[in-house]
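Now for the letters of each chain:
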Amino acid sequence: MKKTLLAAALIAGFAGVAQAETSVTLYGIVDGGIGYQQIKGDSLAGDKLTRTGMLSGGQSSSRWGLKGTEDLGEGLKAVFVLENGFDLGTGVTSQSDKLFGRQSTVGLLSDAWGQLDFGRQTNIATKYFAGVASPFGIGWSQAQVGTAFGAAASQRYDNMVMYQTPNFAGFQFGLGYSFNANGSQQFKTSSSDEPNVRAWTTGLRYANGPIAAALTYDQFKSAETGSNVKGDTGVNVRSWNIGASYDFEVVKVHAGFGQTRNGWFSAPSALYSDLAKNFSMAAADGLKVNSYSLGLSAPVGANGKVLAGWTMADLRDDTTGDSGNKQQVYSLGYSYALSKRTNVYAVGSYAKHVLFADDLKSTFVGAGIRHQF
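Residues numbered from 1 in each chain as written. Predicted model: local features only at pLDDT ≥ 70, side-chain atom pairs only at ≥ 80, totals over all residues. Heavy atoms only, no water.

### Quick word on the overall build of the chain
Part 1: Scanning the chain from terminus to terminus reveals three helices and 17 strands.
Part 2: A globule of 373 residues ought to have a C-alpha radius of gyration of about 21 Å, and the chain, at 23 Å, matches this closely.
Part 3: Dimensions of the chain along its principal axes, counting C-alpha atoms only, are 90 × 65 × 45 Å.
Part 4: A separation of at least 24 residues holds for 60% of the contacts in the chain among residues at least 6 apart in sequence.
Part 5: For the chain, the accessible area works out to roughly 18200 Å², and carbon and sulfur atoms hold 58% of it.
Part 6: In the chain, which carries 31 positive and 28 negative side-chain charges, the distance between the mean positions of the two groups comes to 6 Å. (Helix = DSSP H or I, 4+ residues; strand = E, 2+ residues; numbered from the N terminus. Rg over C-alpha atoms; globule rule 2.2 N^0.38 Å. Contact = heavy atoms within 4.5 Å. Areas by Shrake-Rupley, 256 points an atom, 1.4 Å probe, with all protein chains shown as cover. Lys, Arg positive; Asp, Glu negative; His and termini not counted. Charge placed at Lys NZ, Arg CZ, Asp CG, Glu CD.)

Now the structure itself:
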């Protein structure tokens with residue numbers, strides 16, 4: 001009897017240790033409301049598009065995910081993240097119907113040497129630059145910083161290996177390489193051209209007190225053959241971005257500048273989804289785009305915050321010498337916290353020369369509620 005009780009106590013003790021060393025967390029964001037968008041211009045042959053109704057992901061894209069850690073001892077942990085994006089209004093999976101299209105990674109984490117991850121994930125520009133260069137970051141629909149900075153428009157690479165250092169006195173460095181940025185890695189035969197889109201992403205960020213800054217670089221080489229070809233083949237598309245913010249407590253100021261050469265990384269579908277598809281990982285030899293952002297955010301009362309921002313993408317083409325249209329987006333937003341996890345928001349945004357199309361304009365307004373769990 002005593003042995004049985006002792007065995008039961010030991011089993012319970014080991015179970016408690018196992019639970020303490022291993023954890024899996026369910027988390028997510030649910031965001032919905034009402035929105036209105038109007039798109040008009042010569043590019044639509046004089047037609048005008050309007051959409052009024054359900055707004056999904058007005059501030060943050062809806063998602064759910066699982067993340068876990070296992071303590072391996074001596075400061076080393078195994079980590080994983082599986083994150084799904086979905087449309088709240090329809091329940092349909094986002095990111096081209098990928099089950100874990102937002103992120104699917106497994107890796108190792110150490111406080112001493114940093115983190116190594118394998119799998120689909122966002123690039124360094126999205127992680128380090130987007131939230132520094134604009135108060136809207138990668139959220140708030142048309143207001144997001146990705147309207148002008150294609151490499152920071154929630155850019156994700158498949159088949160990526162990424163390393164990030166620990167935080168050293170506010171500094172952190174990241175480096176990633178994708179063996180094929182879009183889809184499963186394909187075989188290259190001895191007699192064929194390269195069918196994969198190879199991509200690099202790297203950057204350095206600093207955050208200490210009221211100051212935050214980031215410098216990032218992204219590059220992909222367009223496929224030479226196969227289904228991944230979009231635009232010119234075998235072209236290196238490059239993008240570098242620099243941004244900073246300073247918190248004066250009464251107001252936080254953001255600014256960013258960047259250059260993209262020989263193509264474009266991605267464009268938010270919130271601008272004009274039909275046209276945005278043509279700008280996803282597309283190569284155009286000689287294309288030049290200079291990108292700019294300015295913004296500020298300020299607390300209003302105990303629970304409110306107002307945000308304002310401007311972005312511009314200035315298009316030029318070295319092959320023809322032509323100067324294209326300057327896409328500009330002006331945005332204003334407001335958020336009010338009902339609790340630590342739930343807030344209500346409103347946003348208005350106006351864009352002209354959308355995705356560099358002549359006289360194409362987009363007006364967007366929306367309001368909703370966001371819950372985090």
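What follows picks up the thread again.
### Some points on unusual backbone geometry
Part 1: For Asp97, which is not glycine, the phi dihedral falls at a positive 65 degrees.
Part 2: Mapped onto the elements of the fold, Asp97 is located in the loop between strand S4 (76-85) and strand S5 (103-110).
Part 3: A positive phi is found at Asn262, a non-glycine position, where the angle reads about 70 degrees.
Part 4: Topologically, Asn262 is positioned in strand S12 (residues 252-264).

### A word on the pattern of salt bridges
Part 1: With the rule as written, the count across this model stands at four salt bridges.
Part 2: Note that Arg120 and Asp158 form a salt bridge whose closest N and O atoms lie 2.6 Å from each other. Of this pair, Arg120 sits in strand S6 (residues 114-122) while Asp158 is found in strand S7 (residues 156-164), placing the two residues 38 residues apart along the sequence. With respect to burial, Arg120 and Asp158 carry one shared label: buried.
Part 3: Between Arg316 and Asp314 there is a salt bridge; the shortest N-O distance is 3.7 Å.
Part 4: Using a relative accessible area of 37% as the deciding quantity, one classes Arg316 as partly exposed. (Salt bridge = Lys/Arg side-chain N within 4 Å of Asp/Glu carboxyl O. Buried < 20%, exposed > 50% of the residue type's maximum accessible area, 1.4 Å probe, protein only.)

### Considerations on the pairing of S5
Part 1: Across eight bridges, S4 lies against S5 in antiparallel orientation. The residue of S5 that forms the bridge with Leu76 is Ser110.
Part 2: Pairing analysis gives seven bridges linking S5 to S6, with the strands arranged antiparallel. By the bridge assignment for S6, Ser110 is matched with Gly114.
Part 3: Joining the antiparallel neighbours S5 and S6 is a turn of three residues. (Pairing = 2+ DSSP bridges.)

### A closer look at the environment of Asn228
Part 1: If you trace the backbone, Asn228 turns up in the loop between strand S10 (211-221) and strand S11 (236-247).
Part 2: Since its relative accessible area comes to 11%, Asn228 is described here as buried.
Part 3: Sequence spacing of Asn228 and Ala282 is 54 residues, and the spatial spacing of their C-alpha atoms is 9.6 Å.
Part 4: With residues near it in sequence (within four places) discarded, Asn228 still touches Asn180, Asn182, Gln186, Pro195, Val197 and Ala223.

### Brief notes about a nonpolar patch on the surface
Part 1: Taken together, Phe168, Phe171, Phe173, Leu175, Trp200 and Leu204 make up a surface patch of nonpolar side chains, about 560 Å² in accessible area.
Part 2: Taken together, the elements giving at least two residues each to the nonpolar patch come down to strand S8 (171-178) and strand S9 (198-208).
Part 3: On the accessibility criterion, Trp200 (42% relative accessible area) is partly exposed. (Patch = residues over 30% accessible without salt bridge, like charges linked within 9 Å, V, L, I, M, F, W, Y side chains within 5 Å.)

### Remarks on helix H2 (residues 124-133)
Part 1: Of all ten residues that make up H2, eight are buried, and the element is covered over most of its length.
Part 2: Those residues of H2 that fall on the buried side of the exposure criterion are Ile124, Ala125, Thr126, Tyr128, Phe129, Ala130, Val132 and Ala133.

None of the figures reported here should be taken as evidence of function without further support.
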